[in-house]
Amino acid sequence: MDKQADNWRVLLTQAPLDVQAAYDFLLSPSAGAAVVFAGTTREWTRGRQTVHLEYESYEPMALKAMRDLLAHAASEWPVLKACLIHRLGVVPVSQASVLVGVSCAHRQDAYEASRFLIDSLKVRIPIWKREHWADGGQEWITGDHTPNTP
């Protein structure tokens, strides 16, 4: 099996995300650091109460773009293992919609690669988010900033 397939996990799923499983995947005898970032649905956004978020994607394109993003991160940092896992469908308040995980020999590299991956994922990957509010309103939300590319 190719090294990439063994060391990278890219997934789009309707199921709740499992932070412990992502962390367990990242563990390696060579890693001195494993960073897992979980992006969760917050209850209040710009003064409006959120009921849930809803995510849609063109999955073949998103999965390819996610793999390309991991390849870019691995070319910039000494990444041992990495995962990009995004939930699709309805994500209630307090639940995770995205997991980004990186393991490296050293924490600085793991932090930097993780930060790059989440910032880039938000603006580059064809996953669309709709926010649903308690007042009945809803709005499609776009990526909120351009990542710092090394």
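Residues numbered from 1 in each chain as written. Predicted model: local features only at pLDDT ≥ 70, side-chain atom pairs only at ≥ 80, totals over all residues. Heavy atoms only, no water.

For the rest of this paragraph, the subject is the pairing of strand β8 (residues 127-133). Most of β8 sits out of view: six of its seven residues are buried. Direction of pairing for strand β4 (residues 48-57) relative to β8: antiparallel, over a ladder of seven bridges. Pairing of Leu53 across the sheet is with Glu131, part of β8. With four bridges connecting them, β8 and strand β9 (residues 138-141) associate as antiparallel partners. Counted as the bridge partner of Glu131 is Glu139 from β9. Where β8 folds back onto β9 in an antiparallel hairpin, the turn is made up of four residues, including Gly136, whose phi is positive at roughly 95°. (Buried < 20%, exposed > 50% of the residue type's maximum accessible area, 1.4 Å probe, protein only. Helix = DSSP H or I, 4+ residues; strand = E, 2+ residues; numbered from the N terminus. Pairing = 2+ DSSP bridges.)

What follows deals with unusual backbone geometry. Note: most peptide bonds trans; most residues except glycine with negative phi. One non-glycine residue with positive phi stands out, namely Arg46, at about 50°. One non-glycine residue, Ser94, lies in the positive phi region at around 80°. As for its placement among the helices and strands, Ser94 is situated in the loop between β6 (89-92) and β7 (96-104).

Coordinates in, geometry out; function isn't part of it.
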